[in-house]
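# Reading the structure
For reference, the chains in residue letters:
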Amino acid sequence: MQKEKLKLEGICKSFHEKQVLDHLSVYVKEGEHVTLLGPSGCGKSTVMNILTGILQADHGSVTVNGTMGYMQQKDLLLPWKTCLNNVILPLVLDGMPKKAAAQKVLPYFKTFHLEGFECHYPEEMSGGMRQRAMVAMGISAGAKIILADEPTKGLDDKRIALVVDT
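Summary of the structure given here. (Residues numbered from 1 in each chain as written. Predicted model: local features only at pLDDT ≥ 70, side-chain atom pairs only at ≥ 80, totals over all residues. Heavy atoms only, no water.)

It is worth spelling out the sheet that holds strand β2 (residues 18-29) at this point. Taken together, 3 strands build an open sheet; the order of strands is β2-β1-β3 and the sheet is antiparallel. Both outer strands of the open sheet, β2 and β3 (59-64), are each paired with one neighbouring strand and no more. Here the strands of the sheet are splayed against their neighbours by 15 degrees on average, with no regard to which way each runs. By the bridge criterion, 8 bridges tie strand β1 (residues 4-15) to β2 in an arrangement that is antiparallel. Within β2, the position partnered with L6 by the bridge is V28. In the packing of helix α1 (residues 44-52) onto the sheet, the strands contacted are β1, β2 and β3, and the crossing angle to β1 comes to about 120 degrees. (Pairing = 2+ DSSP bridges. Helix = DSSP H or I, 4+ residues; strand = E, 2+ residues; numbered from the N terminus. Axes fitted to C-alpha atoms, helices over the stretch in contact; angles between N-to-C directions. Contact = heavy atoms within 4.5 Å.)

Enumeration over the complete set of coordinates arrives at 1 aromatic pair. Taking 6.4 Å as the distance between ring centres and 25 degrees as the angle between the ring planes, the aromatic pair formed by Y108 and F112 counts as stacked. We classify Y108 as partly exposed; its relative accessible area is 23%. (Phe/Tyr/Trp six-rings, centres within 6.5 Å; stacked < 30°, edge-to-face > 60°. Buried < 20%, exposed > 50% of the residue type's maximum accessible area, 1.4 Å probe, protein only.)

Of all hydrophobic cores here, the largest spans 21 residues; its most connected members are V87, V105, F109, L114 and A133. Element by element, the count of residues in this core is highest for helix α4 (residues 127-140), at 7 residues. Once you skip the residues sitting within four places of it in the chain, A133 turns out to touch L77, C83, V87, L114 and M125. (Core = buried A, V, L, I, M, F, W, Y, C linked by side-chain atoms within 4.5 Å.)

What follows covers the packing of helix α2 (residues 83-93) against α4. A packed helix pair is summarised by two numbers, namely the angle formed by the two axes and the spacing between the axes. Contact geometry for α2 and α4: axes closest at 8 Å, N-to-C directions at 30 degrees. Regarding the angle of α2 to α4, the classification is roughly parallel. Remark: the crossing between α2 and α4 carries right-handed chirality. Across the interface between the two elements, C83, N86, V87, P90 and L91 from α2 touch A133, A136, M137 and S140 from α4. Of the residues assigned to the contact of α2 with α4, the class counts are 7 nonpolar, 2 polar and no charged. (Parallel < 35°, antiparallel > 145°, perpendicular 65-115°, else oblique. Left-handed = near helix turned anticlockwise from the far one by under 90°. Nonpolar A, V, L, I, M, F, W, Y, C, P; charged D, E, K, R; others polar.)

Across all of its chains, the model carries 2 salt bridges by this definition. A salt bridge links K7 to E4, with the nearest nitrogen and oxygen atoms 3.9 Å apart. By relative accessible area, K7 is classed as partly exposed at 24%. A salt bridge links D58 to K13, with the shortest nitrogen-to-oxygen separation between them at 3.6 Å. Here the residue D58 occupies a position in the loop between α1 and β3, and K13 occupies one in strand β1, the gap between them amounting to 45 residues. Residue classification places D58 among the partly exposed positions, given a relative accessible area of 48%. For K13, a relative accessible area of 10% translates into the label buried. (Salt bridge = Lys/Arg side-chain N within 4 Å of Asp/Glu carboxyl O.)

On to α1. An α-helical turn contains 3.6 residues, so a residue and the one three or four places further along point in the same direction. Along α1, the residues that are buried comprise T46, V47, M48, N49, I50 and L51. Residues of α1 that are buried make contact with β1, β2, β3, β4 (68-71) and β5 (145-148). After α1 finishes, the residue G53 shows a positive phi value of roughly 85 degrees.

So, in structure tokens, the structure goes:
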């Protein structure tokens, strides 16, 4: 039996007088890929923000079993750091020496079609490249669960395949 990695039970969330989530329950097991689909404003980002603890649900419970990476709708790369220095940032902040962190993440530059852009700044990269750098950052930092809010925004879907080791 597969272990549940994410569990939302009976989640309710309102903003002012508008109820956005009404007793939402979602169970995601190890190895599953889940997509939330719906029109703009239906609560997809709210679900992500509740899962990460950015927002608190009005009612219900959240269980997360594993390290989680979160790609928000807009990339959050630091504009004064190169692509490589952005990708290694979580590792360096966790105490890994820069050189070791760079050696660990460089294979992901090939995987995510970022080879040759290690020394480029975010403004010199396309939106899709910045998104791929964010995915590389999450995976190289050890995230076993990747939450991605509009992950294909700016991506050429024929050039990337995400494989998450669970």
